[in-house]
Structure formats: C-alpha cells, structure tokens
Amino acid sequence: MSHHLVLRVVANLLLPFILVFALYVQWHGDNGPGGGFQAGVVFAAGMILYALVYGVDALKKVIPAKTSIILMSLGVLIYAGTGLSSLFLGHDFLDYSGLAANSTQGQERGILIVELGVGIAVAGAMIAIFTAFAGRTPEIEDKEW
Amino acid sequence: MSPLFIDILLFTLLAMTALAIVRLRNLFAVTMLASIFSLLAAGLFVNLDAVDVAFTEAAVGGGISTVLMLCALTLTKRDEKRTGHTAWLALLLCAVTGAGLVYGTLDMPAFGSPDAPIHTHVAPDYIARAKAETGVPNIVTAVLASYRGYDTLGETTVIFAAGIAVLLLLGFKRSDKREGGEE
C-alpha cells in the first residue's frame, strides 16, 4: 500500500497518538477506564496499522517475530512472578499486601505490575498472531478489492 | 435523548446488522458488518455505563478481529458457498432456544433494580472496601487485578495459549525463510 499517499500521511499522523494513548491507558488504568488488556490491544492495533500501511516486513524490523513471542511469555511471567513473590513475602498467592511498606501501597504497586504484565502479554500475543496471519497472506493487488 | 431511547435505537441497529450478516454472501461485506456490529455493541456498553467493557469491545471486536478476519479472507474465497437446502431444523432449534431464553428473563429483576441479587451480594462490599484496601479509584481495575487476580491470571494465560496455538498452526513460515537467508 506504499503508493496510497493519503493513507500513509493519515497513518503517520495517527500512529504516535495511538501509541501514547496505549501508554496512557496502561498507566492510568487504575484511575480511569482501561487497564493492561485494553492498553495491549491498542498498542498492537497501532503496530498493525503500521504494518497495513508499510507492509509486514517493516513491522518485523520494529518487532521481529521472535520478540513478540518473548513479549507474550514475559507478560505471563511478570504476572505469575508477582504472585510467586508475594508468596515468598509471606502472603497468599497474588495477595500484593507485602510488596510495599503498608498493605494499601502494596496492593497499588501489585496491581500496577500485574496490569503491566497483562499489557505486555496481550500486545505480544496480538502482534504475534497478526504477523503469523499476515506472513501467510499473499500480496493483494488493488483491483482484487 | 433519553438513555432508554438510545438503547432501543442501538439494539434495533444491532439486530439489523445481524440479519444483514446472515443474509449476505460476500464475505468482505460480512467482515465489515461484523466490525460495525462490535462498534454498535460498544456504544451500547457505554450507554450502560460499562466503559471498560465498551473499550475492550471496540478495540478487540471492532479493530483487531476485523483485521484478522480480513487476513484470513485473503487465504480463502471471497464469497460464501451456496448450500442447496434450507436448514429448517436449525431454524426451529434456534427459535426454541431463543423462546426458552426469553422465558428465562421473565423471572429476572427489573432492569437497573437496586434490589437485584447482583447489587446486594458482593458488589456493595467491593465498593465499600476497594478504595481503602487497594488505593485504586477504579473499582473495576481493583476487582480484576487484585480481588479476582486468579481469574485475570487465567485470562492472560488463555491469551498466551491462543497466541501459541495460532503460531503452532500457521507459524512464521515465509518470514523465517527470508530471515534465515539474510543471516
């Protein structure tokens, strides 16, 4: 789609906002609507938009296939790891009370870390699934649509 | 416009979109309509004050899954195959199940009723405790990540498993060859 000038310009304009919005949703999820899942999906959507306009190979230069697999495993590990570390701190599995000086701050910190894990896992999985699908798809000619 | 009117309007549009999806044979149009369906559903969730759910529906249903459907569409034919027979048995089954579900809702408490079991069980407890115990203003986030942390861990694992399953089925075929060649 590299010759679609309008699409390319609009995508260039939108992309930074989409990515910043994903980060906002990630870190502001405890105050407003959203959270790790939505942030991960929005981030992946930004990356998919990039791939739609510049091609999958361009996306693979930003996030290689292997990186997306590592990301989605890392996200689950962060989540489960937080649960395990609270176990080692003398609390129940996924009870974040022990992660900071007092229990409320511990909960807040735990929720933030766990949401980050969800965000990374979801973004990684979505990008990996898209890359797998798109890698299979032959180049589409304009006239076919 | 009153929320009830918006609800009725959105539900009518939802039903029309669903009927159009069933009737159409062109899969490209069906994919686009499915995306519109998700967008309408997201609007409905906003109207019901479920912004978190609406957000997810718009991003996943309206965005990502549409793109994935389009990707899948390039691997197959553009038109649905015509079947010779009309599925009367399936229609009857759907009608009976639908009637059963509607019959089931007759017993449910009135929409938005404060006495409904869902508002009297654990919800008031969460509303009273969440801010003090977790310091997080968005109760939905507090419930998802802390009180129901096990469930969310399960969901994250399901997404991880879905990613792995797709990769096992499709793999990174073309790219791997190319990347291998460059190295």
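Just so you know, these numbers come straight off a predicted model, no measurement behind them.

Digging into the overall build of chain A
Here's step 1: Each helix and strand counted, chain A has 5 helices and 0 strands in total.
Here's step 2: Shown N-terminal to C-terminal, the secondary structure of chain A runs as helices and strands in the order α-α-α-α-α.
Here's step 3: Its C-alpha atoms give chain A a radius of gyration of 19 Å, clearly above 15 Å, the size a compact globule of 145 residues would have.
Here's step 4: Principal-axis analysis of the C-alpha atoms places the extent of chain A at approximately 65 × 30 × 20 Å.
Here's step 5: Counting only residues that meet the buried cut, chain A has 46% of its 145 residues in that class.
Here's step 6: When the accessible surface of chain A is summed, it comes to about 7,000 Å², and 69% of that surface belongs to carbon and sulfur atoms.
Here's step 7: The average position of the 7 basic charges and that of the 10 acidic charges among the side chains of chain A differ by 13 Å.

Describing the interface of chain B and chain A
Here's step 1: Each side of the interface is counted separately: chain B has 49 residues, and chain A has 54 residues.
Here's step 2: Between chain B and chain A, a total of about 4,500 Å² is buried, with carbon and sulfur atoms accounting for 73% of that surface.
Here's step 3: One can count 0 salt bridges joining chain B with chain A.
Here's step 4: For the side of chain B that touches chain A, the secondary structure elements donating two or more residues are helix 3 (51–74), helix 6 (123–134), helix 7 (139–147), helix 8 (149–170) and helix 9 (173–182) of chain B.
Here's step 5: Classifying every residue of the side of chain B that touches chain A by side-chain character gives 28 nonpolar, 14 polar and 7 charged.

Considering the UniProt feature "transmembrane region" (unreviewed entry) in chain A
Here's step 1: As recorded in UniProt, the sites labelled "transmembrane region" (unreviewed entry) are residues 5–25, 37–56, 68–90 and 110–133 of chain A.
Here's step 2: End-to-end, the C-alpha atoms of residues 68–90 of chain A are 34 Å apart, and along that stretch the chain is 91% helix and 0% strand.

Examining the environment of Gly112 of chain B
Residue and element names in this part refer to chain B.
Here's step 1: Residue position: Gly112 is located in the loop between helix 4 (88–105) and helix 5 (117–120).
Here's step 2: We classify Gly112 as exposed; its relative accessible area is 61%.
Here's step 3: Separated by 64 residues in the primary sequence, Gly112 and Leu48 have C-alpha atoms spaced 9.7 Å apart.

Describing helix 2 (residues 27–47) of chain B
All names here are of chain B.
Here's step 1: Over its 21 residues, helix 2 runs 30 Å from end to end, which matches the ideal 30 Å to within 8%, given 1.5 Å per residue.
Here's step 2: Val30, Thr31, Leu33, Ser35, Ser38, Leu40, Ala41, Ala42 and Leu44 are the residues of helix 2 that are buried.
Here's step 3: Buried-residue contacts for helix 2 involve helix 1 (3–23) and helix 3.
Here's step 4: Capping the start of helix 2, Asn26 holds a side-chain oxygen 2.9 Å from the backbone nitrogen of Phe28, two or three residues further along.
Here's step 5: One or two positions beyond helix 2, positive phi appears at Asp49, with a value near 65°.

Structural notes on the layout of surface pockets
Residues and elements named next belong to chain B.
Here's step 1: In this structure, the second largest pocket encloses a volume near 720 Å³.
Here's step 2: Lining the second largest pocket are 22 residues, and of these Ile118, His119, Ala123, Ile127 and Val140 lie nearest its centre.
Here's step 3: Elements with a contribution of two residues or more to the lining of the second largest pocket: helix 5, helix 6, helix 7 and helix 8.
Here's step 4: Of the residues forming the lining of the second largest pocket, the biggest block, 4 residues, is contributed by helix 7.
Here's step 5: Considered class by class, the residues forming the lining of the second largest pocket number 15 nonpolar, 4 polar and 3 charged.

What to know about the UniProt feature "domain: Na+/H+ antiporter MnhB subunit-related protein" (unreviewed entry) in chain A
Here's step 1: Mapped onto the present numbering, the UniProt feature "domain: Na+/H+ antiporter MnhB subunit-related protein" (unreviewed entry) falls on residues 6–127 of chain A.
Here's step 2: The annotated region residues 6–127 of chain A carries 80% helix and 0% strand content, and the separation between its end C-alpha atoms amounts to 25 Å.

Here we look at the pattern of salt bridges
Residues and elements named next belong to chain B.
Here's step 1: Under the defined criterion, the tally for this structure stands at 2 salt bridges over all chains.
Here's step 2: Among the salt bridges present, the one from Asp125 reaches Arg129, with a minimum N-O distance of 2.8 Å. Within this pair, Asp125 and its partner Arg129 are both found in helix 6, separated by 4 residues, close to a single helical turn.
Here's step 3: Its relative accessible area of 35% is what places Asp125 among the partly exposed residues.
Here's step 4: Each member of the salt-bridge network shares a partner with another, and the members are Asp125, Arg129 and Glu133.

Remarks on the UniProt feature "domain: MrpA C-terminal/MbhE" (unreviewed entry) in chain B
Here's step 1: Annotation from UniProt places "domain: MrpA C-terminal/MbhE" (unreviewed entry) at residues 115–171 of chain B.
Here's step 2: The span residues 115–171 of chain B shows a helical share of 82% and a strand share of 0%, and its end C-alpha atoms are spaced 52 Å apart.

Some words on the packing of helix 5 (residues 103–136) of chain A against helix 7 of chain B
The packing of two helices is summarised by the inter-axis angle and the distance between the axes.
Here's step 1: Across the interface, helix 5 of chain A lies against helix 7 of chain B with an axial gap of 9 Å and an inter-helix angle of 85°. Overall, the two elements helix 5 of chain A and helix 7 of chain B adopt an arrangement that is roughly perpendicular. Here Gln107, Ile111, Val114 and Glu115 of chain A of helix 5 of chain A lie close against helix 7 of chain B, whose contacting residues are Thr141, Ala142, Ala145 and Ser146 of chain B.

Looking at empty space enclosed by the protein
Here's step 1: On inspection of all chains with the given rule, the structure shows 1 cavity of 30 Å³ or more.
Here's step 2: Around the largest cavity, the lining residues are Gln26, Gly29, Asp30, Gly35, Ile111, Leu112 and Glu115 of chain A together with Thr141 of chain B.
Here's step 3: In terms of residues, the lining of the largest cavity owes the most to one element, helix 5 of chain A, which gives 3 residues.
Here's step 4: Taken together, the residues of the lining of the largest cavity break down into 2 nonpolar, 4 polar and 2 charged.

Some words on the packing of helix 2 (residues 36–54) of chain A against helix 5 of chain A
Residues and elements named next belong to chain A.
Here's step 1: Axis separation between helix 2 and helix 5 bottoms out at 7 Å; the angle between their running directions is 30°. For the element pair helix 2 / helix 5, the angle class is roughly parallel. Read as a crossing pair, helix 2 and helix 5 show a hand that is right-handed. Taking contact as the criterion, the partners of Gly36, Phe37, Gly40, Val41, Phe43, Ala44, Met47, Ile48, Ala51 and Leu52 in helix 2 are, on helix 5, Glu115, Val118, Gly119, Val122, Ala123, Met126, Ile127 and Phe130.
Here's step 2: For the contact of helix 2 with helix 5, a count of residues per class yields 14 nonpolar, 3 polar and 1 charged.

The rules behind the values
Residues numbered from 1 in each chain as written. Chains lettered and ligands numbered in written order. Predicted model: local features only at pLDDT ≥ 70, side-chain atom pairs only at ≥ 80, totals over all residues. Heavy atoms only, no water. Helix = DSSP H or I, 4+ residues; strand = E, 2+ residues; numbered from the N terminus. Rg over C-alpha atoms; globule rule 2.2 N^0.38 Å. Buried < 20%, exposed > 50% of the residue type's maximum accessible area, 1.4 Å probe, protein only. Areas by Shrake-Rupley, 256 points an atom, 1.4 Å probe, with all protein chains shown as cover. Lys, Arg positive; Asp, Glu negative; His and termini not counted. Charge placed at Lys NZ, Arg CZ, Asp CG, Glu CD. Contact = heavy atoms within 4.5 Å. Buried area = accessible area lost by both parts, 1.4 Å probe. Salt bridge = Lys/Arg side-chain N within 4 Å of Asp/Glu carboxyl O. Nonpolar A, V, L, I, M, F, W, Y, C, P; charged D, E, K, R; others polar. UniProt positions renumbered as here; feature names shortened; annotations may be inferred. Expected span 1.5 Å × (residues − 1). Polar contact = N/O pair within 3.5 Å; in protein donor to acceptor, adjacent residues only side chain to side chain. 1 Å grid on protein atoms, 1.4 Å probe; cavity = no way out; pocket = protein on both sides within 12 Å on 5 of 7 lines; lining within 4 Å. Points joined across faces, edges and corners; volume = space filled by probe spheres on them. Axes fitted to C-alpha atoms, helices over the stretch in contact; angles between N-to-C directions. Parallel < 35°, antiparallel > 145°, perpendicular 65-115°, else oblique. Left-handed = near helix turned anticlockwise from the far one by under 90°.

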